[in-house]
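Working through the structure, step by step
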Amino acid sequence: MIDLSKLNSRLSTDYKTPTTWNFHIERCANYRTRFVIESVMALEKELQKRKSNLLILFGKPERLLKELSEFLKKNDCEIHQIHTHKEVSRTLMKRNTRKSHFMKKYAYEELVVEKELTKIWNKTIAFHHDTTMIHPDDVDFTFEQTPKVYAHFRRRIEKMNQPVRPLLQIPDELPAFPDIIWKFPQSEQGKDLLEELYEAFAFEKDERSAFPWPGGEDAARKRLENYLFKTDGAINYKQTRNGMIGTEYSTKFSAYLSHGCLSPRLIWHELNRLQSQKKIDKTGGDEDGIYWIRFELLWRDFFRFLVAGSGNRVFHLHGFRDMSNKEAQEDLKKKNSYSNKVWKSNNDQFNKWKVGQTGMPYIDASMRELINTGFLNNRGRQNVASYIAKDLELDWRIGAEWFESLLKDHDVYSNYGNWQYGKYKKDLFHCLLH
Ligand SMILES: Cc1cc2nc3c(=O)[nH]c(=O)nc-3n(C[C@H](O)[C@H](O)[C@H](O)COP(=O)(O)OP(=O)(O)OC[C@H]3O[C@@H](n4cnc5c(N)ncnc54)[C@H](O)[C@@H]3O)c2cc1C
C-alpha cells in the first residue's frame, strides 16, 4: 500500500496517505516504499530480458483493471489466461459472514481486488498459492486444522517425504506485449510516476544498516548465492543468527521474501544443493545451519497457515484465540487472565518508545536502528515488543502497527503473528512471548 499522495502531479490530490487501522500510523514509510519500487523496476527489466514487458498503472486496482479489460475488449484483444496470487485469509472471511465488519475493516483492499478480478475475468483467472515454502495442497490438514503450536506444525511437515515441490522452469522468452496496450490512456505515464514516487521517498542511507541492499530479484539472487555458496554464512547460521550488528549474522532474506523477489521454494532447493555439495549429513544439531534456516523459514509458513485458518483474528486484541468459544468466555471471567487484561494507552510512552528515548539503552538502540534503517534483527524485535507489551503494558497492536509502517520486510503474517505468538496455550493468550 504505497502512498500516492506524495506524487507532485495532479494525481496526488485523489489520494490520502494510507494509515494503519487502529492507531492511524503512516502505513508504508520510506524504506519499504523505495524497496517495493526498486523491486518493480527490477521486475520490468527481468520481463524485458525475456522479450515481454510490464504495464505500470497508478490508482485503485479494482477500477483500473475494469477499465483495462473494457479497453482491451473494445480493441479486439483477447486475454487467454490470468495468473495471480491467492490471498490466504480470504476463505474464512468469505464464509464468516457474522464477522463481516472485520472483513470490511481488515482485509478490504485484497478482497475487493480479488472479487473484481473474478468478476471481470471469471473463466480466465487462476489464483495460486505462491508465497509459502510448503504448498497448502500438499499437507494432510486444512488451514483450520493447522496445529496451534509451532513444534507440532513443524513435526507434521518434517514427516513428509518431499515437503517442497520442485521448482518450475522459468521460460527464456515470454509472449510479447500487444502494441495496443500502450494506447491505454494511463500506460504511458506509469513509469515516470514510479520514478517520481521513488524520489519523493528518498532518504539518507545509514552506512551501518544491517540490510543495505536494494529490492529486486537480481539483488535477492545475489544475496542467496553469496550467503549460501560464497561464504560460510549458511553453514554457521545457528551460531550467528542472534547477532545484532552487520550484514552477515543471518540470511537477510526476509524483505526479498516479503515482496516476492525470492521464492522460499528456491531457497529450500538451493539449501539441498549446498548440502550435497558440502556432503553434509542432516543432523539437526547446532552445527547444522542448513537445518536451522529451514526451521526459521517454516515459522514463516506456520504464520501463514495459522492466519489462513483463523482469519482476521490475527488483528484482534485477543489475537488468534477464538473469543466466542466457551473456554475463552470462562477465561474472560478470571481475574489475571490475558483475555481480561486491560491494555493501557499512553501516548507519551509510545512516542518515547518509537524514537528510542525510553531511557533503556538496549531498547533505545534497537528502536533507533529500526527508525534509521527500516530493519531490526530478530532478537531486537522480540525485546522491544516484549518491552512495550509486557513492561509498559500498552496495547500490543500499536507496536505492531509501528513495525508495519517501518519494516522493509513487513509481512502481515510474520509481523502480527510474532507479536502475539509466544507460548500459545489454549487457556492463555500470551502477547509476546517467551
Ligand atoms: C515482533 C516481531 C515482528 C516481526 N515482523 C516480521 C515481519 O514483518 N516480516 C518478517 O519477514 N519477519 C518478521 N519477524 C521475524 C524475524 O524477526 C525476521 O524474519 C528476521 O529478523 C529477518 O531477518 P533474516 O532474514 O536475516 O532472518 P533469518 O534469521 O536469516 O531467517 C531466515 C528466514 O526465516 C524467516 N523467519 C525467521 N524468523 C522468523 C519468525 N520469527 N517468524 C516468521 N518468519 C521467520 C524469515 O523469512 C527469514 O528471512 C518478526 C519477528 C518479531 C519478533
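Residues numbered from 1 in each chain as written. Predicted model: local features only at pLDDT ≥ 70, side-chain atom pairs only at ≥ 80, totals over all residues. Heavy atoms only, no water.

Looking up the protein in an unreviewed UniProt entry gives the name Cryptochrome DASH, with the organism given as Rhizopus delemar. What UniProt records for the protein under Function (unreviewed entry) is the sentence "May have a photoreceptor function." UniProt lists a comment for the protein under the heading Sequence similarities (unreviewed entry), and it reads "Belongs to the DNA photolyase class-1 family." (UniProt positions renumbered as here; feature names shortened; annotations may be inferred.)

All right, on to empty space enclosed by the protein then. Going through the model one piece at a time under the given rule, you end up with 2 cavities of 30 Å³ or more. If you add up the space inside the largest cavity, you get close to 90 Å³. Around the largest cavity, the lining residues are Tyr-31, Arg-34, Phe-35, Glu-38, Phe-203, Lys-205, Pro-212, Trp-213, Pro-214 and Lys-408. Taken together, the residues of the lining of the largest cavity sort by class into 6 nonpolar, no polar and 4 charged. (1 Å grid on protein atoms, 1.4 Å probe; cavity = no way out; pocket = protein on both sides within 12 Å on 5 of 7 lines; lining within 4 Å. Points joined across faces, edges and corners; volume = space filled by probe spheres on them. Nonpolar A, V, L, I, M, F, W, Y, C, P; charged D, E, K, R; others polar.)

Taken together, 26 residues lie near the ligand, and Tyr-237, Ser-250, Thr-251, Lys-252 and Asn-378 sit nearest. In this structure, an oxygen atom belonging to the ligand sits 2.7 Å away from a main-chain N or O atom of Lys-252. Glu-296 is positioned with one of its side-chain polar atoms (N or O) 3.3 Å from a nitrogen atom of the ligand. Here the ligand loses 98% of its free accessible area of 810 Å² to cover by the protein chains. Of all the cavities here, the one that holds the ligand is the second largest pocket. The element that contributes the greatest number of residues to the shell around the ligand is helix α12 (residues 289-310), accounting for 5 residues. Across the shell around the ligand, the residue classes tally to 10 nonpolar, 9 polar and 7 charged. (Near = heavy atom within 4 Å. Polar contact = N/O pair within 3.5 Å; in protein donor to acceptor, adjacent residues only side chain to side chain. Areas by Shrake-Rupley, 256 points an atom, 1.4 Å probe, with all protein chains shown as cover. Sits in = over half its atoms within 2 Å of the grid points. Helix = DSSP H or I, 4+ residues; strand = E, 2+ residues; numbered from the N terminus.)

In this structure, Leu-228 and Trp-353 are the most contacted members of the largest nonpolar core, which totals 79 residues. In terms of residues, this core owes the most to one element, α12, which gives 14 residues. Filtering out sequence-adjacent residues up to four positions away, Leu-228 remains in contact with Ala-234, Phe-253, Glu-270, Leu-271 and Leu-274. If you look at the next biggest cluster of nonpolar residues, it comprises 13 residues, including Tyr-15, Ile-37, Leu-47 and Tyr-198. (Core = buried A, V, L, I, M, F, W, Y, C linked by side-chain atoms within 4.5 Å. Buried < 20%, exposed > 50% of the residue type's maximum accessible area, 1.4 Å probe, protein only. Contact = heavy atoms within 4.5 Å.)

This part covers the layout of surface pockets. Space inside the second largest pocket adds up to approximately 950 Å³. Lining the second largest pocket are 36 residues, and of these Arg-241, Glu-296, Asn-378, Arg-381 and Asn-418 lie nearest its centre. Elements with a contribution of two residues or more to the lining of the second largest pocket: α10 (254-258), α12, α16 (378-391) and α18 (412-420). The biggest single contributor to the lining of the second largest pocket is α12, with 6 residues. Each residue belonging to the lining of the second largest pocket can be placed in one class, and the counts come to 17 nonpolar, 12 polar and 7 charged.

Residue Asn-346 occupies the N-cap position of helix α14 (residues 347-355), its side-chain oxygen lying 3.1 Å from the main-chain nitrogen of Asp-348. One or two positions beyond α14, positive phi appears at Gly-356, with a value near 75°.

Evaluation of the coordinates by the stated rule reveals 30 aromatic pairs. Between Tyr-150 and Phe-295, the ring centres sit 5.3 Å apart and the planes meet at 75°, which makes this aromatic pair edge-to-face. With Tyr-150 in helix α6 (residues 150-158) and Phe-295 in helix α12, this residue pair connects regions lying 145 residues apart in the sequence. Each ring, one from Phe-350 and one from Trp-402, has its centre 6.1 Å from the other, and the planes form 90°; the classification is edge-to-face. Of this pair, Phe-350 sits in helix α14 while Trp-402 sits in helix α17 (residues 396-406); the two residues are 52 residues apart in sequence, bridging distant segments of the chain. Over the ring of Tyr-198 we find Arg-34; its NZ or CZ atom is 3.7 Å from the centre of that ring. Seen from the ring of Tyr-249, Lys-252 lies directly overhead, with NZ or CZ sitting 3.5 Å from the centre. (Phe/Tyr/Trp six-rings, centres within 6.5 Å; stacked < 30°, edge-to-face > 60°. Lys NZ or Arg CZ within 6 Å of the ring centre and 35° of its normal.)

Between the first and last C-alpha of helix α2 (residues 61-74) there are 20 Å, a value that for 14 residues agrees with the 20 Å anticipated at 1.5 Å per step. Leu-64, Leu-68, Ser-69, Phe-71 and Leu-72 are the residues of α2 that are buried. Seen along its axis, α2 keeps its buried residues to an arc of 165°; they face one direction. The exposed set on the far side of α2, more than 90 degrees from its buried face, consists of Lys-73 and Lys-74. Looking one or two residues beyond α2, the residue adopting positive phi is Asp-76, at roughly 55°. (Expected span 1.5 Å × (residues − 1). Arc of directions from axis to C-beta.)

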